[in-house]
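# Observations on the model geometry
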Amino acid sequence: VLEGRGARVPGGSRGRGRQMAEVLGELGAKVAITARKKHELDAATEHLKGLGIEAFPVVCDMGNLAAIPIMVEQVITALGPIDILVNNAGTSWGASRRDHPLEGWEKVMTLNVTAIFVVTQEVGRRCMVPRKQGKVINIASIQGLTGTYPEGMPTLAYNASKGAVVNM
């Protein structure tokens, strides 16, 4: 179904990101996965290759916005144009509304919102718009719709960031 297509999954080294990489790979896509932690990325790449999936790992901290264009270039060089972009990387910060530090707010918003904007714009400009094809899948959360959080786990910035992703 996706033979010859290139897919990129940030946060693809574990959890939902790795599962999305598995599905895309099983459907025939060449998959680039990114993560901050090289050892987790290496383990995920071995796992995907063990399933017969062509996987290309790129260590990239999506919170470092200047690193995103470099990472996109590495993926394009290795796999060709990116046809499917799954924006999965994310983080949270637990703190009460009253005591939530600005540092935590900025970290969550940078990774969960601004990085998605930057990578989507970069991939769109370089791969999707010129070829008039491509799909972007943004991963949000029910917490982005409700604005509430589980008891004892205050996640104001996370909820606000996922609400922004829903609206992107």
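For the structure given in this document, a descriptive report is provided here. Bear in mind the structure is a predicted one, so any value in this text is a computation, not a measurement.

This next bit is on helix α2 (residues 38–50). An α-helix turns once every 3.6 residues. As a result, residues three or four positions apart point the same way. Given a rise of 1.5 Å per residue, 13 residues ought to cover 18 Å, and the 18 Å separating the end C-alpha atoms of α2 matches this to within 8%. Restricting attention to buried positions, one finds in α2 the residues L41, A44, T45 and L48. The arc enclosing the buried residues of α2, seen along the axis, measures out at 105°, which places them on a common side. Exposed side chains of α2 directed beyond 90 degrees from the buried face belong to H39, E46 and G50. Close packing links the buried residues of α2 with α1 (15–26), β2 (30–35) and β3 (55–59).

Attention now moves to unusual backbone geometry. Positive phi values are uncommon outside glycine, yet K132 reaches one of about 55°. In this fold, K132 is placed in the loop between α4 (102–131) and β5 (135–138).

The full count for this structure, using the stated rule, is eight salt bridges. Here D83 and R5 are joined by a salt bridge, their closest N and O atoms 3.7 Å apart. With D83 in the loop between α3 (67–79) and β4 (84–87) and R5 in the segment before β1 (6–10), the pair connects residues that are 78 residues apart, well separated along the chain. You can call D83 buried: its relative accessible area is 6%. A relative accessible area of 32% places R5 in the partly exposed class. In this structure, K38 engages D42 in a salt bridge whose closest nitrogen and oxygen atoms are separated by 2.8 Å.

Conventions adopted
Residues numbered from 1 in each chain as written. Predicted model: local features only at pLDDT ≥ 70, side-chain atom pairs only at ≥ 80, totals over all residues. Heavy atoms only, no water. Helix = DSSP H or I, 4+ residues; strand = E, 2+ residues; numbered from the N terminus. Expected span 1.5 Å × (residues − 1). Buried < 20%, exposed > 50% of the residue type's maximum accessible area, 1.4 Å probe, protein only. Arc of directions from axis to C-beta. Contact = heavy atoms within 4.5 Å. Salt bridge = Lys/Arg side-chain N within 4 Å of Asp/Glu carboxyl O.

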